[in-house]
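Observations on chain architecture
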Amino acid sequence: MTGPEIPERAPATQPEQSVRSALAALWQRFKGPLGEQVSVLEAAAMSCLSGELGAAQREQARSEAHKLLGSLGTFGMPEGSDIARSIETWFEFPGSVPSTEPAAVLALSDAVVALRRCLEAGPAPGVVTAWAPLAGDAPFLLLVDDDVVLAEGLRQEASARRLGLCVVTTVGEARQILANRRPEALLLEVPAGSGAEEAFKLMRELHAATPPVPVVVLTRAARFTDRVEAARLGGRGFLQKPIQPRDALDCVAAILDRARSGETILVVDDDPAVLAALGAIVETGGRRVVALREPLRFWETLAETSPDLVVLDVEMPDVNGVELCQVVRADPRWERLPVLFLTARVDAGTVQSIFAAGADDYVAKPVLGPELATRISNRLERSRLLRRLAEVDSLTGLANRRTAEESLGRLLGMAKLSGQPVAVAMVEPDRVEAIDDERGYQAGDEALGRLGQLLLRFFLGDDVAGRWGGAELCVGMHGMTRGDGVQRLAEVLEELRRHRFPDGRGGTLGASFSAGVAQYPDDGNDLRSLCHVASRALGRAREAGGDRILPATRSTHHPERATADVVLAEDDEALAGILLHALTTRGYRTRWFDDGQDAATALQGPDPEISSRAVLLDWGLPGLDGLRVLRRLAETGVLAHTRVIMLTARDSESEVLQALDLGAFDHVAKPFSVPVLIKRLHRALES
């Protein structure tokens, strides 16, 4: 059996090698235009020899020499840069004295000849030309799925978008690919059974990589447990099959665009060779570069791209870099935008004018790739730190409201594109005012801060958690129904209950919260309406006593006939207490019976005492055992609208078969894990 076809491995994958390879390709592209620039200098030198050099030709020659000064060094020819610098200085000489002095004219002529020879020789071996373009460097996606129909559709769609697609059927084959190449993104089917753990292990590794590899999970069934695990591991999307290849790649494209959107660099330089070289240097690490040759279009380009950093050449036609920087600093929208200058002049006057205009840093031409990349990385890191201070709530560590609204808006846009639901929850700690009054604001802040930390730990990837205002928090969960959202927040609530917090008086106190969960698009098509619906559910949760999560569509008010989401028939009082607490946490309305006869009587008949969506039915009940209760419910038609999960004392095959034959939906053998039982119940209610 042959293994997967592995894309050809590049000689090196380090950013520096990628930059060198890109510059090598650019050298082949621009050595012709650079030669034409040298021709301009040759013509000017001939005019000097004949005494016919005019002001316009002198300025053109000076400008071309200035451009060559920057580009030749960047392409790996520092000697050429030095020669171009001397030529530029010659043409800057005031008046016409140099053209009448034979020694000066001959020196100029010799310099131009030397520049031509340098250009023809090209970069020194091992500097640029020895850096062969990296094989297989084109971006590609990796699909791990045995669905041949989907794979072929994705191949065709990817080809139309000029993307590479590598298809494998197992996680093991995917690891072979990943050992040689890093994909732009991974589309991963999570199989049922034991194979899911292997897929999740790969997700965990890719999320921990530097930089992380975005993973979009594909699934044939909307298993809540898979959704939760994928979200915990930083999954960037969750797509349920069947799905159109176009929609899947649209989802991937939106994720990649969003990942790159925070690293946009606007580079302004009138020299196309320098712009191309700078693009190769700056784009390492997935950054997006917007190159601009026309300084007069700077303002409109700035507004269109909203860059995170601007690189300006000092000397440009029409308007120079210093003037552009002054314009940026004069506008409140851009006053904190990092600005880095490129300059061939490093005299005190030039440097002073650069910083006086508001520059953050400068790099001397010719530009060396590592230096520029490091300066840009430093400025971006500082900018990210400042942005984080402006976007993150200092108490909780969550996004502030403005940032959370923007992120939730993007999340809803992605959901609309992928056709997936989004759960939006409003969350608030219980007894906030009482804690503040009784224990002081420090205690209340401590509880709110710990809740924020828990939310950050539980909600990763495309999930959003933010502080909405006061003690109210907001959470957005991609690919989750309102029921899924209730389950995930219940896990956070149960974790919070295990913690004790300083009360500001040398003691400790416990904490809990209430939450309401709405679902896009069922409960609203925009963020405002979803938050409103979720807030109403939060209010009902507080009215019911707090310490619980309610979905938006569930009411706590009982109609004339009592209605329960779950009836528990269990004679073990301690176990019943644990289960009822877990169910209440998740907003389920419950009724408890410790006698089988009482449970059967309440649930059956033409006008039953109670109507329930599900029954957790213990086998060994007094009065009437669980199997007889189940038989009565089946005979009276209750099972047509009620799911029964049997709680058996042992995992006996005969007991299980009897229960299933009578119409039980599922069974769980004691002793059992409460979270497992809750997930089984959730599946029963969603079926």
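Please refer to the structure higher up on the page.
The present account deals with the structure reproduced in this document. Just so you know, the residues in each chain are numbered from 1, in the order the chain's sequence is written. Per-residue local features of the predicted model are confined to residues with pLDDT of at least 70, and side-chain atom pairs are confined, for both listing and counting, to 80 or more; whole-chain, interface and lining totals are unaffected and use all residues. The basis for every side-chain value is the complete set of non-hydrogen atoms in the structure, without hydrogens or water.

Turning our attention to the overall build of the protein chain. A helix here means a DSSP run of H or I that spans at least four residues, while a strand means a run of E at least two residues long, and both kinds are numbered starting from the N terminus. Along the protein chain, the regular secondary structure elements total 25 helices and 22 strands. Across the 687 residues in the protein chain, those meeting the buried criterion constitute 53%. A contact between two residues is defined here by any heavy atoms of the two lying within 4.5 Å. Within the protein chain, residue pairs in contact and separated by at least 24 positions form 70% of the contacts whose partners lie at least 6 positions apart. Accessible surface computed for the protein chain: about 30800 Å², of which carbon and sulfur atoms make up 51%. For the exposure calls, accessible area comes from a 1.4 Å probe over protein chains only, and a residue counts as buried if that area is under 20% of its type's maximum, exposed if over 50%, partly exposed in between. Every accessible area reported is derived by Shrake-Rupley at a probe size of 1.4 Å, with residue values counting cover from the shown protein chains alone.

Glycine aside, residues mostly have negative phi angles, and peptide bonds mostly take the trans form. At the junction of Tyr 520 and Pro 521, the peptide bond is cis and its omega measures out at 0° in the coordinates. Mapping Pro 521 onto the fold places it in the loop between β16 (513-520) and α20 (527-543). Residues other than glycine seldom take positive phi values, yet Asp 547 does so here, at roughly 60°. Inspection of the secondary structure puts Asp 547 in the loop between α20 and β17 (549-551).

The next point concerns the state of the cysteines. Disulfide assignment relies on a single distance test, namely cysteine sulfur atoms paired within 2.5 Å. Enumeration according to the criterion identifies zero disulfides in this entry. With no disulfide of its own, Cys 474 lies 4.2 Å from the sulfur of Cys 531, the closest cysteine sulfur.

Counting residues in hydrophobic clusters, the biggest one holds 35 residues, and the most contacted among them are Leu 41, Phe 75, Ile 87 and Phe 91. Put simply, the parts of the chain that give this core at least two residues each are α1 (15-50), α2 (55-74), α3 (78-91), α5 (102-121) and α11 (272-282). Counting residues per element, this core draws most heavily on α1, which supplies nine residues. Working definition of a nonpolar core: buried Ala, Val, Leu, Ile, Met, Phe, Trp, Tyr and Cys residues. They are joined through side-chain atoms within 4.5 Å.

Now for the environment of Ala 277. Position of Ala 277 among the secondary structure elements: in helix α11. For the pair Ala 277 and Leu 26, spaced 251 residues apart in sequence, the C-alpha to C-alpha distance is 7.0 Å.

A separate point is the side chain of Ser 47. Note that Ser 47 resides in helix α1. In this structure, Ser 47 is in contact with Glu 52, Leu 53 and Gln 57, ignoring residues within four places of it in sequence.

A few words on the pattern of salt bridges. Salt bridges are defined as contacts in which a side-chain nitrogen from Lys or Arg sits within 4 Å of a carboxyl oxygen from Asp or Glu. One pass over the structure, following the stated rule, counts 35 salt bridges. Of the charged contacts in the structure, one is a salt bridge between Lys 241 and Asp 145, with a shortest N-O distance of 2.5 Å. Pair noted here: Lys 241 is in the loop between β5 (237-240) and α10 (245-260) and Asp 145 is in the loop between β1 (140-144) and α6 (148-160), with a separation of 96 residues, a long-range link. Considered together, Lys 241 and Asp 145 belong to a single accessibility category, that of buried residues. Residue Asp 666 pairs with Arg 683 through a salt bridge whose shortest N-O separation is 2.8 Å. Here Arg 683 lies in helix α25 (residues 674-686) and Asp 666 lies in strand β22 (residues 666-669), a separation of 17 residues in the sequence. Among the residues examined, Asp 666 registers a relative accessible area of 9% and is labelled buried. The exposure class of Arg 683 is partly exposed, given its relative accessible area of 48%. Sharing partners across several salt bridges, the network here consists of Glu 59, Arg 62, Glu 88, Glu 315 and Arg 345.

The topology assignment puts Arg 450 in helix α18 (residues 441-458). By relative accessible area, Arg 450 is classed as partly exposed at 28%. As for Arg 450 and Thr 396, which are separated by 54 residues in sequence, their C-alpha atoms are 7.2 Å apart. Residues contacting Arg 450, with those up to four places away along its chain left out, are His 499, Arg 500 and Phe 501.

Turning to α6, a few remarks are in order. A helix is expected to span 1.5 Å for every residue after the first. Relative to the 18 Å expected for 13 residues at 1.5 Å per residue, α6 spans 19 Å between its end C-alpha atoms, a close match to the ideal helical length. Listed as buried for α6 are Leu 150, Ala 151, Gly 153, Leu 154 and Ala 158. Taken end-on, α6 shows its buried residues confined to a sector of 165°, consistent with a single buried face. Opposite its buried face, α6 presents the exposed residues Val 148, Val 149, Gln 156, Ser 159 and Ala 160, each directed more than 90 degrees away. Definition of a polar contact: a pair of N or O atoms within 3.5 Å, with one able to donate and the other able to accept a hydrogen when the atoms are protein atoms, and with sequence-neighbouring residues admitted only if both atoms are side-chain atoms. The N-cap of α6, judged by a side-chain oxygen 3.2 Å from the amide nitrogen of Val 149 a few residues on, is Asp 147. Following α6 by one or two positions, Arg 162 has its phi on the positive side, about 60°. Taken from the helix axis, the directions to the C-beta atoms give the arc we talk about.

In this analysis, axes come from line fits to C-alpha atoms, helices being fitted only over the stretch in contact, and the angle between any two N-to-C directions falls in the range 0 to 180 degrees. Where α2 contacts α11, the two axes come as close as 9 Å, and the packing angle between them is 35°. Two packed elements cross with a definite hand, and for α2 against α11 that hand is left-handed. Listed contacts from α11 to Lys 67, Gly 70, Ser 71 and Thr 74 of α2 are Ala 273, Val 274, Ala 277 and Ile 281. We call Asp, Glu, Lys and Arg charged. Ala, Val, Leu, Ile, Met, Phe, Trp, Tyr, Cys and Pro are nonpolar, and the rest, Gly among them, are polar. For the contact of α2 with α11, the residue count by class is four nonpolar, three polar and one charged. Definitions for this section: a left-handed crossing has its near helix turned counterclockwise from the far helix by less than a right angle. A right-handed crossing has that turn clockwise.

Here the focus is the sheet that holds strand β7 (residues 288-292). Whether two strands pair comes down to DSSP finding at least two bridges between them. Strand order in this open sheet of five strands is β7-β6-β8-β9-β10, and the pairing throughout is parallel. Each having just a single partner strand, β7 and β10 (361-364) make up the two edges of the open sheet. Averaged over all neighbouring strand pairs, the angle between strand axes comes to 20°, with direction disregarded. Looking at chain direction, strand β6 (residues 264-268) and strand β8 (residues 309-313) are connected through four bridges and run parallel. In the sheet register, Val 267 faces β8, and the bridge partner there is Val 311. Relative to strand β9 (residues 339-343), helix α13 (residues 321-329) is tilted by about 175°, and along the sheet it contacts β6, β8 and β9.

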